Amino acid sequence: AIRIDDAREYQRIVELLDRIMPGMSARVKLHDKPYPIFEEYGVQAELDKALKSKVWLKSGGSIVINQTEALVAIDVNTGRFVGKTQLEETLLKANLDAVREIVRQIRLRDLGGIIVVDFIDMVLESNRDLVLRRLVECLGRDRTRHQVAEVTSLGLVQMTRKRIGTGLLEAFSQHCQACADHGKAQRRRR
């Protein structure tokens, strides 16, 4: 179905479909409820979640995404995730859990330019290599051109990614006049 929250547009689309695809106009539905269409289908809640800097992971850890003009910094935190056995194993699981969400967020938000990821420090080099390999593997599914560098001496993973278009933050926010552009104020959808 096609859901439309504007009565004039609804009528225009129904008339167009009646002319070019008779019978299909029955699939067009008018949203005439007193609350916004984005709230009806949970779109606003998902947008709100996607625009926050902190993203919770299934394991209880989190990633924090900070976007500036020059680069994107992503920090991985264990949060509530403490694991059941050794600390190194817990850190590895938290980092591997974060990799999938980091790649998802990079694609969802269309993050680009220089991206620096601060994974949780691990003692074993084999674990650091595993996290880096998993990151490269997950990014391999991203058709956008990217390049991942080796882990720095500080334990940071540096990468670059070409931006395709306008990211979520730019598309759904506006410059904040109250704080002289030191922050963002979210635009509300109808």
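Here is a short report on the structure shown in this document. Predicted, not measured: the structure shown is a model, and the values here were computed from it.

## Details of helix H4 (residues 87-109)
Here H4 contains 23 residues, and its C-alpha end-to-end distance of 32 Å stays within 8% of the 33 Å for a straight helix at 1.5 Å per residue. One or two residues past the end of H4 sits Asp 110, with phi positive at roughly 50°.

## Looking at the nonpolar core
Looking at soluble globular proteins, one finds that nonpolar side chains tend to be buried together. Counting 29 residues, the largest nonpolar core has Ile 63, Ile 74, Val 76, Ile 102, Ile 115, Val 117 and Phe 119 as the members making the most contacts within it. The set of elements that each furnish at least two residues to this core consists of strand E4 (62-67), strand E5 (71-77), H4, strand E6 (113-118), helix H5 (125-139) and strand E8 (156-161). For this core, the element with the most residues is H4, which contributes nine residues. In this structure Ile 63 touches Ser 53, Lys 54, Val 55, Leu 57, Ile 74, Asp 75, Val 76, Ala 98, Glu 101, Ile 102 and Gln 105, once residues within four positions along its chain are discounted.

## What to know about the pairing of E6
Across a regular strand the side chains alternate sides, sitting on one face of the sheet and then on the other. Here E5 pairs with E6 via five bridges, running parallel. Counterpart to Ile 74 in the pairing with E6 is Val 117.

## With respect to the pattern of salt bridges
Tallied over the full model, the rule gives nine salt bridges. Across the pair Asp 97 and Arg 100 runs a salt bridge whose closest N-O atoms are separated by 3.7 Å. Here Asp 97 pairs with Arg 100, and both are found in helix H4, just three residues apart, close to one helical turn. Its relative accessible area of 13% is what places Asp 97 among the buried residues. Between Asp 142 and Arg 107 there is a salt bridge, with the nearest N and O atoms lying 3.9 Å from each other. Remark: Arg 107 occurs in helix H4 and Asp 142 occurs in the loop between H5 and strand E7 (146-151); sequence separation between them is 35 residues. Asp 142 gets classed as buried once you look at its relative accessible area, which sits at 5%. For Arg 107, a relative accessible area of 43% translates into the label partly exposed. One continuous salt-bridge network, built from bridges that share partners, spans Arg 107, Asp 110, Asp 142 and Arg 161.

Conventions used here
Residues numbered from 1 in each chain as written. Predicted model: local features only at pLDDT ≥ 70, side-chain atom pairs only at ≥ 80, totals over all residues. Heavy atoms only, no water. Helix = DSSP H or I, 4+ residues; strand = E, 2+ residues; numbered from the N terminus. Expected span 1.5 Å × (residues − 1). Core = buried A, V, L, I, M, F, W, Y, C linked by side-chain atoms within 4.5 Å. Buried < 20%, exposed > 50% of the residue type's maximum accessible area, 1.4 Å probe, protein only. Contact = heavy atoms within 4.5 Å. Pairing = 2+ DSSP bridges. Salt bridge = Lys/Arg side-chain N within 4 Å of Asp/Glu carboxyl O.

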